[in-house]
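Structural description and commentary
Each chain is listed here by its residues.
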4 protein chains.
Amino acid sequence: MKPTRTTLKIGELATGQDLELPIFQFKPDSISGPSVYIQANVHGAEVQGNAVIYQLMRLLENSELLGRITLVPLANPLGINQKSGEFTLGRFDPITGVNWNREYFDHKVDVAAWYVKHSHLADGELIQAYRAMLLEQCQMRLTNEWGVTTGHQQAVMLQQMGHQADIVLDLHTGPKSCKHLYCPEYDAQAAALFSIPYTLLIPNEFGGAMDESIFCPWWQLSEHLKAQGREFAVPVSAFTLELGSQERIDLEDALVDAQGIMAYLSHRGVIGERVAPAKMQRFGCYLKDYKKYHAPIGGMVEYLAQVGQPLEVGQPLANILRLDLYGSDQVLSSLAVTLDCVPILHFASASVYQGTELYKVMTNVFEF
Amino acid sequence: MKPTRTTLKIGELATGQDLELPIFQFKPDSISGPSVYIQANVHGAEVQGNAVIYQLMRLLENSELLGRITLVPLANPLGINQKSGEFTLGRFDPITGVNWNREYFDHKVDVAAWYVKHSHLADGELIQAYRAMLLEQCQMRLTNEWGVTTGHQQAVMLQQMGHQADIVLDLHTGPKSCKHLYCPEYDAQAAALFSIPYTLLIPNEFGGAMDESIFCPWWQLSEHLKAQGREFAVPVSAFTLELGSQERIDLEDALVDAQGIMAYLSHRGVIGERVAPAKMQRFGCYLKDYKKYHAPIGGMVEYLAQVGQPLEVGQPLANILRLDLYGSDQVLSSLAVTLDCVPILHFASASVYQGTELYKVMTNVFEF
Amino acid sequence: MKPTRTTLKIGELATGQDLELPIFQFKPDSISGPSVYIQANVHGAEVQGNAVIYQLMRLLENSELLGRITLVPLANPLGINQKSGEFTLGRFDPITGVNWNREYFDHKVDVAAWYVKHSHLADGELIQAYRAMLLEQCQMRLTNEWGVTTGHQQAVMLQQMGHQADIVLDLHTGPKSCKHLYCPEYDAQAAALFSIPYTLLIPNEFGGAMDESIFCPWWQLSEHLKAQGREFAVPVSAFTLELGSQERIDLEDALVDAQGIMAYLSHRGVIGERVAPAKMQRFGCYLKDYKKYHAPIGGMVEYLAQVGQPLEVGQPLANILRLDLYGSDQVLSSLAVTLDCVPILHFASASVYQGTELYKVMTNVFEF
Amino acid sequence: MKPTRTTLKIGELATGQDLELPIFQFKPDSISGPSVYIQANVHGAEVQGNAVIYQLMRLLENSELLGRITLVPLANPLGINQKSGEFTLGRFDPITGVNWNREYFDHKVDVAAWYVKHSHLADGELIQAYRAMLLEQCQMRLTNEWGVTTGHQQAVMLQQMGHQADIVLDLHTGPKSCKHLYCPEYDAQAAALFSIPYTLLIPNEFGGAMDESIFCPWWQLSEHLKAQGREFAVPVSAFTLELGSQERIDLEDALVDAQGIMAYLSHRGVIGERVAPAKMQRFGCYLKDYKKYHAPIGGMVEYLAQVGQPLEVGQPLANILRLDLYGSDQVLSSLAVTLDCVPILHFASASVYQGTELYKVMTNVFEF
């Protein structure tokens, strides 16, 4: 089965040119499984997700599909096309500085009030009504009489597509990074399915990202119902997959990640065939134990710690070279970790200001 | 009396060069009035505050001083020195995109718990203890074992200086803007003292800005005590002064604003002589009535509405020229306001994406 | 008569999106006058030329046309759509730094060798053959087996359109600037026709700009023929019009410049009616007398000299405020001109590094 | 022997802060060998040269020195400290776009005229007089009454230091690059001494780079004298060393290159001990055979060809993924080389516009 291709206009440039997204959809005739929404490249330099979507679509074309699948590669044309020097300056809106992945709409649903009016509904109807409310809120946001910002418009239009699915995958990468997964705590078992060695378990807090914008309202509903004595599992799944480093296209590695996604889709009943998860060790930590290590001084950085390789207390992270101080013992500073951890990603540039986020490391790591 | 000049290191660049602030202080021998902290140019392109500090220091040199006055011009060296093309790209951290004026520390004081332990103190002691706690929190933030970001370090070091004063003025400008004042609602009478025609009355909500970082913790304390039946006026004042447009130095106009600040300082007893406020009409609105008008389409913009000039419903804000549509009736779109308002500022560039913040306007404007 | 609208693809972005130019053409049935090519906005922030083309097309629609007229507004979509902060970073290729108006092809015609083969041709045939050669060179450049750069491709495609016309107008603006005209010395009489008070007379040297790329090869041919004893006036005219300041759309002022262009076109027989040039004083200087004044120190700049207003020796250009030096006599430096001159433009930002080009001034100015 | 450290001011920022260079000098008491000038990091992201200078100074401290050695790491503080997003935007002046390594002064010596006046001098005196003239020209350039640009001032101050030495090494890197050397044709034997596998032999043409600014005037003198029948070897050596990829500090690899430089210095008699060149195959081509391959379409790039690994005709360089074209056969384009070559460097980002310089390759490669 081939996907259909449509186009969605999500903005206009100063020249009047439309900003458009390509949208690919697999719509099986008979649907028995959940629906899926997958997007990539919301941060302009994080291109590998496109390669994963490419490989995934090739796999899906030869699969038995039980649920509808929508794929949006190249999801941020403004960010993708914005170079500054030789690199893509696609992490934030060039005018406002706002991170493209912090622009999603915060529903701030008054769950208690909403539930008072809808408590009579059975689970299926409840889900339908809640989803309709979320979609309507997005639509109202987009039609605000004072307009909405460029980034918010794009984000909320993506969010609308996400709300229409049961499973949402947002494909990102780190700067120089090993693969890792942002996974909500209620959905921790999913960490064993993708081809991703490290998982961050995240709580029910909205910080502006796509995955949170999808699951937070449902998680709040679920928790409210539980407090009311009604069992109601969160009916949606949403994850951010960080698929290695930015500014890199690797088709072979993309196939590995596409197969990992197939394993997850198989587990969820989106595809008919049985795809087993890759055999690999999988580790994780809670978001509160995910630490940012900031450069204690400015200088030139030799990154020593490899991402994805555990470090023991006292082992070196990086050297900082300060050639202006040659002749003193401060010319070369060795930075060591003060507790056991796993470096997950490091900064992209080899020179830093004091305070630049040098490494992000997992602490209190456990095996799944 | 001449100010003393000292230097504060607030960071290090990649070359190892220190980022330093010049600090000027007037310390009268005998102190009977409140202390003052004034900073300028936290946004790199908003340079006029430096000119105001220049004129103000010249006035203060010939004044009778009753309180200590600290002045920090050029408060963001990294932002000020960062050009991108012919303009200063100084609104946000070039690495992270975070607005330099959203980097201040959110104290999140548990006021109730704190007050339980300190309710026995008289007002003066209470103020002293609370201030010490705020300063200690800042210091702990700066000495975090994982380090702090470049922008946060700078901000919290400025905030520390602010917390040591009774009056804090943060000198900014808009993009293309008339003069306006951000004033907390509890301090509304101050709006009548500066040489500023428009005032925004802001609520007790921390959004990351300097003024809020100073007054919010005290305002919360004041409200908590009031709820406990103890009268306790907010003992600090903090304002953001938006002194016209960015990328502009005008020494004559700077003298006007320096005199406005002198009028405020005179009213507060910081200087001995009586300086009357400028006679002028002053207007304002609540922050909730301060509206952002976003470009409904992309294109080339002719800004028609003058900042600081009231508009009636139906009057034009701007034309958007879309030459790609020449021959259709969409080649020129006239944008009109749908209610009475006063445009306070508009975007700096003459071309916009769909969704660019075109104008900010005051609605429900009242006279002070 | 209405213009036809076509589209020219001049590149592709990373998302695959085409970079396209809108092209408007007036093609009268009967042609007796020269053909014209007009483009605008090759530098992204220099938008006013679009407004001039808008007004000009409206005038042309109601005129008797004797020659073909091609108009290309929004001629650099990549540059126009590239913001960095609130301003358009459209002066140079964001990847390479190359000025978009220095990307045109240098024909480096070996005029002597070419003429040996074509000296038998009458003037009309000679022009036809030379033009064909120039166009073929452009085409060969574009089809280079190793490819061409993004900026060069765009430039050479514009240049091809220019070579097909007898008259070429490239509409630019300065940063903060009065109106001025770049006019080749051989065509000095044209300076009296446009509504532009200041003219720079430029020699026969190719520096990479559009106007030079058009007229230099012909001027070289003319000079070679003159050296051979054959009178041959340069058969093309090409000018760069600098229509005030960047980041500004002013439809009323655009009409003034459109009328100035109509006066020139009338004089050249492109339109049937007689349009008299605006009555105004017009001044100029030779390019060698056009001086760049660089900031002797870094600091905050108060621009004192008005563009377009003559200065006498010793009059002030600008103040530089150095608040870090408050207390010394270097806190405020007044920069004065050391000879009579007319400031034509100044830098766009109010803060400068040492060495920033602060003002450009005409010296040895004469009246036309 | 320890180097002395001094500081040279080469500019001022908008805050008034000085731009300063650290300068390290080894000045042996007794001098019998040539003098050396080495600089690094003129392009802000090309940091590895600093690590090489670090290792080299450590080696020199334990060597017998016969000539004076001056080392300037961190030679472009403005460029090094300028981030745009996570990367260093240090290749060109952020205001003007001019490449920092195209800012050096073009002496344009009228060699014939100069030699007429100095032909009576013996070689040693001739060298002294010519060098004095070059230095004086630089000094006059710097003291131009209209000022000089920020980049030109920095470059010419570096150039002055270079002109005082007999050997000049400018340490750069490519974007993603193998090591290669820019070597003037007259000095081709030097290619066998450094630890660098690929060498570009460059002609006597000034394009604005440091090495050219040093050797071109002397090479012109040498050629003029040869034409006059006087043998006169070019008395200076100047090279640009491209030491791998930008945004990378590797201290171990820096030691390899420092040892390569020691081998060259040993060969030239700057150090007393005999340091043999590394045993390795060395290849090269003429600059005219160094080709830039531009992206024929826009899209996402998978770089397949490894830098430094020879390719045969027909082998693939890269894939370009165009996910917007999924479903057509243009979704993945394989780019192959049309002749035997060695890819030396490729673009840093994984997404490109049409026309982006994708690879630079050596053709007609020969072994030294």
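Residues numbered from 1 in each chain as written. Chains lettered and ligands numbered in written order. Predicted model: local features only at pLDDT ≥ 70, side-chain atom pairs only at ≥ 80, totals over all residues.

What follows covers the interface of chain C and chain D. The partner chain D presents 37 residues to the 37 residues of chain C that form the contact. Elements that contribute at least two residues to the side of chain C that touches chain D include exactly β1 (4–12), α5 (150–163), β13 (290–294) and β18 (351–352) of chain C. Take the side of chain C that touches chain D: its biggest share by element is 4 residues, from β13 of chain C. (Contact = placed C-beta atoms within 7 Å. Helix = DSSP H or I, 4+ residues; strand = E, 2+ residues; numbered from the N terminus.)

To continue, consider the interface of chain B and chain C. As a measure of interface size, the accessible area lost when the parts come together is often cited. With 40 residues of chain B in contact, the opposing surface of chain C contributes 40 residues. Contributing elements (two or more residues each) for the side of chain B that touches chain C: β2 (18–26), α1 (48–61), β6 (87–88), β14 (299–303) and β15 (316–321) of chain B. For the side of chain B that touches chain C, the element with the most residues is α1 of chain B, which contributes 5 residues. Split by residue class, the side of chain B that touches chain C holds 23 nonpolar, 8 polar and 9 charged. (Nonpolar A, V, L, I, M, F, W, Y, C, P; charged D, E, K, R; others polar.)

This part takes up the environment of Cys-138 of chain C. Residues and elements named next belong to chain C. Along the chain, Cys-138 falls in helix α4 (residues 123–142). Overall, Cys-138 belongs to the buried group, with 23 C-beta atoms counted inside 10 Å. Not counting residues within four places of it along the chain, the set of residues in contact with Cys-138 comprises Phe-105, Val-156, Gln-159, Gln-160 and His-163. (Buried ≥ 20, exposed ≤ 12 C-beta atoms within 10 Å, placed from the backbone.)

Moving on, we get to the relation of the copies chain C and chain D. In the superposition of chain C on chain D (RMSD 0.0 Å, axial shift 0.0 Å), the rotation amounts to 180 degrees. Such a turn and shift between the copies fits a two-fold axis. No C-alpha of chain C lies nearer the rotation axis than that of Gly-97 of chain C, which sits 2.0 Å from it. Looking at chain C, 100% of its interface residues are interface residues in chain D too, so the copies touch through the same face. (Least-squares fit on C-alpha atoms with pLDDT ≥ 70 in both.)

Turning our eyes to something else, we now look at the packing of α4 of chain C against α5 of chain C. Residues and elements named next belong to chain C. Between α4 and α5, the shortest axis-to-axis distance is 10 Å and the interhelical angle comes to 165 degrees. Our classification of the angle between α4 and α5 gives roughly antiparallel. The two elements α4 and α5 meet at a crossing, and its hand is left-handed. On the side of α4, the interface is formed by Arg-131, Leu-134, Leu-135, Cys-138, Arg-141 and Leu-142, while α5 contributes Gln-153, Val-156, Gln-159, Gln-160 and His-163. In terms of residue class, the contact of α4 with α5 is built from 5 nonpolar, 4 polar and 2 charged. (Axes fitted to C-alpha atoms, helices over the stretch in contact; angles between N-to-C directions. Parallel < 35°, antiparallel > 145°, perpendicular 65-115°, else oblique. Left-handed = near helix turned anticlockwise from the far one by under 90°.)

Note on placement: Gln-153 of chain B falls in helix α5 (residues 150–163). Gln-153 of chain B sits 61 residues away from Phe-92 of chain B along the chain, and the two C-alpha atoms are 14 Å apart. Apart from the residues within four sequence positions on either side, Gln-153 of chain B is in contact with Gly-355 of chain A together with Ile-10, Gly-11, Leu-142 and Val-148 of chain B.

On to the relation of the copies chain B and chain C, then. Superposing chain B onto chain C requires a rotation of 180 degrees together with a translation of 0.0 Å along the rotation axis, leaving an RMSD of 0.0 Å. Same-surface contact between copies: 100% of interface residues of chain B are shared with the interface of chain C.

So, about the pairing of strand β9 (residues 180–184) of chain A. All names here are of chain A. Most of β9 sits inside the fold, with 5 of its 5 residues counted as buried. Direction of pairing for β9 relative to strand β10 (residues 198–202): parallel, over a ladder of 5 bridges. Note that in β10 the partner of Cys-183 across the bridge is Leu-201. Relative to strand β11 (residues 237–245), β9 is paired through 3 bridges, and the arrangement is antiparallel. Its bridge partner lying in β11, Tyr-182 is registered against Thr-240. (Pairing = 2+ DSSP bridges.)

Phi angles above zero are rare outside glycine, and Asn-41 of chain A is one such case at about 75 degrees. Relative to the helices and strands, Asn-41 of chain A is located in the loop between β3 (36–40) and α1 (48–61). By the C-beta count within 10 Å, which is 31 here, Asn-41 of chain A ends up buried. You will see that Leu-74 of chain C, though not glycine, has its phi angle at about 50 degrees, which is positive.

Turning our attention to the sheet that holds strand β16 (residues 332–336) of chain B. Strand order in the open sheet made by the 4 strands is β16-β15-β14-β18 (chain B), with antiparallel pairing throughout. Edge positions in the sheet fall to β16 and β18 (351–352) of chain B, since each of these pairs with one other strand and no more.

In this model α1 of chain B runs 20 Å from its N-terminal to its C-terminal C-alpha over 14 residues, within 8% of the 20 Å that 1.5 Å per residue would give. Most of α1 of chain B is tucked away, with 11 of its 14 residues classed as buried. (Expected span 1.5 Å × (residues − 1).)

We now examine the packing of helix α5 (residues 150–163) of chain A against helix α6 (residues 210–227) of chain A. All names here are of chain A. For the pair α5 and α6, the least separation of the axes is 10 Å and the interaxial angle reads 45 degrees. Considering the angle they form, α5 stands oblique to α6. Like other packed secondary-structure pairs, α5 and α6 cross with a definite hand, here right-handed. Across the interface between the two elements, Leu-158, Gln-159, Gly-162 and His-163 from α5 touch Met-210, Ser-213 and Ile-214 from α6. Grouping the constituent residues of the contact of α5 with α6 by class yields 3 nonpolar, 4 polar and no charged.

The quantities given are spatial measurements derived from coordinates; they are silent on function.
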